[in-house]
Amino acid sequence: MYKVLCKDGMAKRARLETVHGTVETPVFMNVGTIGAIKGAVSTRDLEEIHTQIMLCNTYHLHVRPGDDVVYDMGGIRKFAVWDKPVLTDSGGFQVFSLAGLRKIKEEGVYFNSHIDGHRIFMGPEESMRIQSHLASTIAMAFDECPPHPATRKYMQDSVDRTTRWLERCQKEMKRLNSLEETLNPNQLLFGIDQGGTFQDIRIEHAKRISEMDLDGYALGGLAVGETHEEMYDVIEKTMDYLPQDKPTYLMGVGTPQNILESVERGVDFFDCVYPARNGRHGHAYTNHGKMNLFNARYERDDRPLDEDCGCPVCRRYSRAYIRHLLKAKEMLGLRCMVTHNLWFYNHLMEEIREAIEKGCFQEYKKKKLESMEELK
């Protein structure tokens, strides 16, 4: 059950009760593509840095180790030793990211595995079955994430097909949840609004899928090449046409600045590879901006990554030491950076929730954005 606790303008402070636990929103979902966070961060670490929900990738887990293996091991939560909610994407983003290895047809998408090249077919029913095997808390509907830019005709055809796929997903999810052998018969289904930057297509699609009374709704196909201003405009124009009594999820976004702007427009859920990926490349998110640890100025710097941070890394290690580990290609360096960055994102969401509760989100956002420019 989803409940809006309070609002500050369009910004929502809400709570989603699931069979696997409660999610306080706005929330950032830590991305564990194959059931683990890249950078040797364990699920025990995730608990320590206040992670509420983990996101896993349907396509990648289907390819390796195989969703049948995960099913036999009791589902992704038991497999990864994680007792909180998990959201699985549908494999639809791979329709976009593996453009050179796939063919889209009405029945679904034909892939060549990025690992060994073997042929894979995934349609709405297959995606739902894989996600049911994974036994995630929230399953995402199978869709196409269209490229940017795309012609109006391509976009409309793609969105119409995504709608037909969503109808098939909903029907198959209902069937799967009724089976005795299903690991999570309470699996939730989120639909995905598409349409690129064509606002009228976005709005009409939002209206159509809202009629289907799904458990939640996502905005997909953003952060794929359009400007930040275009993305914010799409979010602002589309949110009015999605149900206000259901959670909303902006897929694959983004920077702390993106999150603050999108919360202001009513978004609940976020995910992005940035904190982990940038951390592995030596970039630390701090309350004063993004820091490049490979910069020579940090070679003898005995301060923590962020003097205002309470994460396990900043309580123990210096910038100089972490820089040394990164330069030496020591795994501990990656672990420190990813842990810190995920803590930063999780703590950012805690601050956002508190600011909305106090009715001072606009003031908080302004100060936060100003402070994160200080290192530049």
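Keep in mind that this is a model prediction, so the values were computed, not measured. The residue count restarts for each chain, going from 1 along the sequence in the order it is written. Under the rules for a predicted model, residues below a pLDDT of 70 receive no local features and side-chain atom pairs below 80 are neither given nor counted, while totals for whole chains, interfaces and linings still include all residues. Side-chain metrics in this entry use all non-hydrogen atoms of the structure; hydrogen atoms and water are not considered.

Asker: I tried to follow the packing of helix 13 (residues 331–358) against helix 14 (residues 361–371) on my own but got confused; where do I start?
Answerer: Think of two packed helices as two axes; the pair is described by the angle between the axes and how far apart they sit. All axes are obtained by fitting lines to C-alpha atoms, using only the stretch in contact for helices, and the reported angles, taken between N-to-C directions, cover 0 to 180 degrees. By the criteria applied, helices consist of DSSP H or I runs no shorter than four residues and strands consist of E runs no shorter than two, each listed in order from the N terminus. Where helix 13 contacts helix 14, the two axes come as close as 8 Å, and the packing angle between them is 145 degrees. Residues Leu348, Glu351, Ile352, Ala355 and Ile356 of helix 13 form the contact with helix 14, whose participating residues are Phe361, Tyr364 and Lys368. We call Asp, Glu, Lys and Arg charged. Ala, Val, Leu, Ile, Met, Phe, Trp, Tyr, Cys and Pro are nonpolar, and the rest, Gly among them, are polar. In terms of residue class, the contact of helix 13 with helix 14 is made up of six nonpolar, no polar and two charged. By definition, residues are in contact when any of their heavy atoms lie within 4.5 Å.

Asker: Quick question: what am I supposed to make of the sheet that holds strand 13 (residues 248–250) here?
Answerer: In a beta sheet, neighbouring strands pair by backbone hydrogen bonds and run either parallel or antiparallel. DSSP calls a pair of strands paired once it identifies at least 2 bridges connecting them. A barrel is described by the order of its strands in space; here eight strands give the closed sequence 4-5-6-10-11-12-13-14, paired in parallel fashion. Averaged over all pairs of adjacent strands, the angle between their axes in this sheet comes to 30 degrees, without regard to strand direction. Its contacts with the sheet put helix 6 (residues 124–134) on strand 6 (86–88), strand 10 (138–140) and strand 11 (188–193), and the angle it makes with strand 10 is roughly 160 degrees. Packing against the sheet, helix 8 (residues 199–210) makes contact with strand 11 and strand 12 (216–219), and its axis sits at approximately 160 degrees to strand 11.

Asker: Please clarify how the nonpolar core should be interpreted in this entry.
Answerer: If you look at soluble globular proteins, the nonpolar side chains tend to sit buried side by side. Residues belong to one nonpolar core when they are buried, are Ala, Val, Leu, Ile, Met, Phe, Trp, Tyr or Cys, and are joined through side-chain atoms within 4.5 Å. Relative accessibility under 20% of the residue-type maximum defines a buried residue, over 50% an exposed one, and the middle range a partly exposed one, all with a 1.4 Å probe and only protein chains included. Core analysis: the biggest nonpolar cluster contains 81 residues, and Leu305, Ile352 and Phe361 have the highest contact counts within it. Of all the elements, helix 13 adds the most residues to this core, at twelve residues. In this view, Ile352 contacts Pro26, Ile259, Leu260, Val263, Phe361 and Tyr364; residues no more than four positions away in its chain are not counted. Listed in part, the 19 residues of the second largest apolar core include Val23, Leu188, Ile192 and Phe269.

Asker: Explanation requested: a nonpolar patch on the surface in the structure shown.
Answerer: There is a patch of nonpolar side chains on the surface, built from Val69, Met73 and Phe79 and spanning about 240 Å² of accessible area. Structurally, Phe79 is set in helix 4 (residues 76–80). Patch membership requires more than 30% relative accessible area and the absence of a salt bridge. Residues of like charge join within 9 Å; the nonpolar side chains Val, Leu, Ile, Met, Phe, Trp and Tyr join within 5 Å. Under the convention used here, a 1.4 Å probe and the Shrake-Rupley method define accessible areas, while residue burial counts only the protein chains that appear. For salt bridges, the criterion is a side-chain nitrogen of Lys or Arg within 4 Å of an Asp or Glu carboxyl oxygen.

Asker: I'm lost on the pairing of strand 1 (residues 2–8) in this one. Help?
Answerer: Residues in a regular strand project their side chains so that they alternate between the two faces of the sheet. As paired elements, strand 1 and strand 2 (residues 11–18) share six bridges and run antiparallel to each other. Bridge pairing in strand 2 places Tyr2 opposite Leu16. Between strand 1 and strand 2, which pair antiparallel one after the other, the connecting turn spans two residues, and Gly9 there sits at a positive phi close to 70 degrees.

Asker: Help me understand the packing of aromatic side chains, please; the structure alone is not making it clear to me.
Answerer: For Phe, Tyr and Trp, where Trp contributes only its six-membered ring, two rings pair if their centres lie within 6.5 Å, and the inter-plane angle classes them as stacked under 30 degrees, edge-to-face over 60, or tilted in between. This structure, assessed with the given rule, holds ten aromatic pairs. On the basis of an interplanar angle of 50 degrees and a centroid distance of 4.8 Å, the ring pair of Tyr110 and Phe121 is categorised as tilted. Placement of the pair is Tyr110 in strand 8 (residues 108–112) and Phe121 in strand 9 (residues 119–122), with a sequence separation of eleven residues. A relative accessible area of 28% means that Phe121 is categorised as partly exposed.

Asker: What's the story with the packing of helix 8 against helix 9 (residues 228–239) in this structure? I'm lost.
Answerer: Two elements in contact, helix 8 and helix 9, have axes separated by 9 Å at closest approach and are oriented at 35 degrees. As for the relative orientation of helix 8 and helix 9, their crossing is right-handed in sense. In contact with Gln199, Arg202, Ile203 and Ala206 of helix 8, helix 9 contributes Asp233, Val234, Lys237 and Thr238. Take the far helix as the reference: if the near one is turned anticlockwise from it by less than a right angle, the crossing is left-handed, and if turned clockwise, right-handed.

Asker: Can you help me understand the pattern of salt bridges in this one?
Answerer: Between side chains of opposite charge, a pair can form as their charged atoms come close. With the rule as written, the count across this model stands at 33 salt bridges. A salt bridge links Arg202 to Asp193; its shortest N-O distance comes to 3.0 Å. An identical accessibility class is assigned to Arg202 and Asp193; each is buried. Glu211 serves as the salt-bridge partner of Arg208, at 3.6 Å between the closest nitrogen and oxygen. On the accessibility criterion, Glu211 (61% relative accessible area) is exposed. Several salt bridges converge on common partners, so that one network encompasses Glu236, Glu261, Glu264, Arg265 and Lys365.

Asker: Sorry if this is basic, but what is going on with helix 10 (residues 256–264) here?
Answerer: Each turn of an α-helix holds 3.6 residues, which means side chains three or four residues apart point in the same direction. The buried count for helix 10 comes to seven of nine residues, which makes it a mostly enclosed element. Every buried residue of helix 10 is accounted for by Pro256, Asn258, Ile259, Leu260, Glu261, Ser262 and Val263.

Asker: I would appreciate a short explanation of the sheet that holds strand 2 in the present structure.
Answerer: Strand order in the open sheet made by the three strands is 1-2-3, with antiparallel pairing throughout. Because the sheet does not close on itself, it has two edges, and the strands there are strand 1 and strand 3 (21–25). Each adjacent strand pair in this sheet contributes to an overall mean axis angle of 10 degrees, direction not counted. Inspection of the sheet shows strand 2 paired to strand 3 by five bridges, in the antiparallel sense. Within strand 3, the residue paired with Glu17 across the bridge is Thr22.

Asker: Just checking my understanding: could you explain the pairing of strand 4 (residues 27–31) for this structure?
Answerer: Burial within strand 4 is extensive, with five of its five residues counted as buried. Of the two faces of strand 4, the one holding Val27, Met29 and Val31 and the one holding Phe28 and Asn30 are both buried throughout. Where strand 4 meets strand 14 (residues 269–271), three bridges bridge the pair, whose relative direction is parallel. What sits directly across from Val27, in strand 14, is Phe269. Here two bridges tie strand 4 to strand 5 (residues 54–56), and the two strands are oriented parallel to one another. Residue Val31 lies in a different strand from strand 5, and its bridge partner there is Leu55. With strands facing away from the observer, any crossover in which the path from the first strand over the helix to the second runs clockwise is taken as right-handed. Assessed by its sense of winding, the connection that carries the chain from strand 4 through helix 1 (residues 43–48) to strand 5 is right-handed.

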